[in-house]
Amino acid sequence: MIIVLSQLPYNHLFIKISSMSTTNELCPCGSGKKYGECCEPIIKGKIKAPSAEACMRARYTSYVVHEIDYIINSCEEGEGIGEIDRKATEDWSKQSQWNGLKILRTEKGEKEDEEIVEFEADYTLHNMHDVHHEISLFKKVNDDWKYVAGNVIPTTVKRVGAKVGRNDPCPCGSGKKYKQCCGR
């Protein structure tokens, strides 16, 4: 396994984990704890998420380690279960390079059993770097925190790598100029 620590603007530290092979490695959620002591017990159903933030961290980690069942099961019934496209979620999980999670704030919701978590999930998909910024509502159901809904804050997606010019060779390998091949 490779762990790369990188310093990004505003002094936020992101941890990029290329694969999760053992419970003794650092958790992808950025808590600084070992995976087996942090998100794994929540994801595997051994313990319930003790807070909305713990549920959010486990949800992010589930994308990194491709545990789609937890992503679906951590939604409040009736709210997210029917709306989740399992295949699309799994594809996003597996095709993305997950660069890090940053919890921006947590606060009490309008009701006693509700909390709000604002976060940024940094990832790269198909050579496009994005930060998924969301303000999420969580609700405590049977002593377990569940995701209810989120408000996505739009961000600018950035290309990773050089842009192909019209007269450059086509990246598909045809030998033609880009404008006469895939650039049409």
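First, a word on what this report is: a plain description of the structure on this page. (Residues numbered from 1 in each chain as written. Predicted model: local features only at pLDDT ≥ 70, side-chain atom pairs only at ≥ 80, totals over all residues. Heavy atoms only, no water.)

Regarding the pattern of salt bridges
Working step 1: Using the criterion set out here, one finds 11 salt bridges in the structure.
Working step 2: A salt bridge links Glu76 to Lys139; the shortest N-O distance between them is 3.5 Å. Here Glu76, found in the loop between α3 (68-73) and α4 (86-95), pairs with Lys139, found in strand β5 (residues 128-141); they are 63 residues apart in sequence, far enough to count as distant.
Working step 3: The exposure class assigned to Glu76 is buried, which follows from its relative accessible area of 15%.
Working step 4: One salt bridge connects Glu107 with Arg105, and the closest N-O pair in it is separated by 2.5 Å.
Working step 5: Overall, Glu107 belongs to the partly exposed group, its relative accessible area being 38%.
Working step 6: Residue classification places Arg105 among the partly exposed positions, given a relative accessible area of 29%.
Working step 7: Taken together, the shared-partner salt bridges connect Arg105, Glu107 and Glu118 into one network. (Salt bridge = Lys/Arg side-chain N within 4 Å of Asp/Glu carboxyl O. Helix = DSSP H or I, 4+ residues; strand = E, 2+ residues; numbered from the N terminus. Buried < 20%, exposed > 50% of the residue type's maximum accessible area, 1.4 Å probe, protein only.)

Brief notes about the packing of aromatic side chains
Working step 1: All chains considered together, the criterion is met by 7 aromatic pairs.
Working step 2: Between Tyr63 and Trp92, the ring centres sit 5.1 Å apart and the planes meet at 65°, which makes this aromatic pair edge-to-face. Residue Tyr63 is found in helix α2 (residues 52-65), and its partner Trp92 is found in helix α4; the two are separated by 29 residues along the sequence.
Working step 3: Judged by relative accessible area, which is 14%, Tyr63 ranks as buried.
Working step 4: Put simply, the rings of Tyr60, Tyr63, Trp92, Trp98 and Tyr123 touch in pairs and so form one group of aromatic residues.
Working step 5: Looking at Arg59, its charged tip hangs above the ring of Tyr147, at a distance of 4.4 Å from the centre. (Phe/Tyr/Trp six-rings, centres within 6.5 Å; stacked < 30°, edge-to-face > 60°. Lys NZ or Arg CZ within 6 Å of the ring centre and 35° of its normal.)

Here's the deal with unusual backbone geometry
Note: most residues except glycine have negative phi, and most peptide bonds are trans.
Working step 1: Backbone geometry places Asn142, a non-glycine residue, at a positive phi of 50°.
Working step 2: The topology assignment puts Asn142 in the loop between β5 and β6 (144-153).
Working step 3: Residues other than glycine seldom take positive phi values, yet Asp143 does so here, at roughly 65°.
Working step 4: Mapping Asp143 onto the fold places it in the loop between β5 and β6.

Observations concerning the side chain of Asp122
Working step 1: Its place among the elements puts Asp122 in strand β4 (residues 114-125).
Working step 2: The charged side chain of Asp122 is buried without a salt bridge, its nearest counter-charge being Lys102 at 7.9 Å.
Working step 3: There is a polar contact of 2.7 Å between the side chain of Asp122 and the side chain of Asn99.
Working step 4: For Asp122, the side chain forms a polar contact with the side chain of His129, separated by 3.0 Å. (Lys, Arg positive; Asp, Glu negative; His and termini not counted. Polar contact = N/O pair within 3.5 Å; in protein donor to acceptor, adjacent residues only side chain to side chain.)

Side note on the side chain of Ser93
Working step 1: Looking at the element boundaries, Ser93 is found in helix α4.
Working step 2: Among residues more than four places away in sequence, those in contact with Ser93 are Ser62, Tyr63, His66, Ile68 and Trp98. (Contact = heavy atoms within 4.5 Å.)

So, the pairing of β5
The side chains of a regular strand alternate between both faces of the sheet.
Working step 1: Two strands pair when backbone bridges link them, and β4 and β5 are joined in this way by 12 bridges, in the antiparallel orientation. Directly across from Val117, in β5, lies its bridge partner Ser136.
Working step 2: A loop of 2 residues connects β4 with β5, the two strands running antiparallel in sequence, and His126 in this loop sits at a positive phi of about 55°.
Working step 3: Pairing of β5 with β6, which is carried by 9 bridges, proceeds in the antiparallel orientation. Residue pairing for β6: Phe138 is matched across the bridge by Tyr147.
Working step 4: As consecutive antiparallel partners, β5 and β6 are separated by 2 residues, and within that stretch Asn142 has a phi angle of approximately 50°, a positive value. (Pairing = 2+ DSSP bridges.)

Structural notes on the nonpolar core
Working step 1: Counting residues in each nonpolar core, the largest one holds 32 residues, and the members touching the most others are Cys39, Ala49, Met56, Tyr60, Tyr70 and Phe138.
Working step 2: Among the elements of the structure, α1 (40-43), α2, α3, β3 (97-108), β4 and β6 are those that each provide at least two residues to this core.
Working step 3: Here the element with the most residues in this core is α2; it accounts for 9 residues.
Working step 4: When neighbours within four sequence positions are excluded, Tyr70 is seen to be in contact with Ile42, Ile43, Ala49, Cys55, Ala58, Arg59 and Ser62. (Core = buried A, V, L, I, M, F, W, Y, C linked by side-chain atoms within 4.5 Å.)

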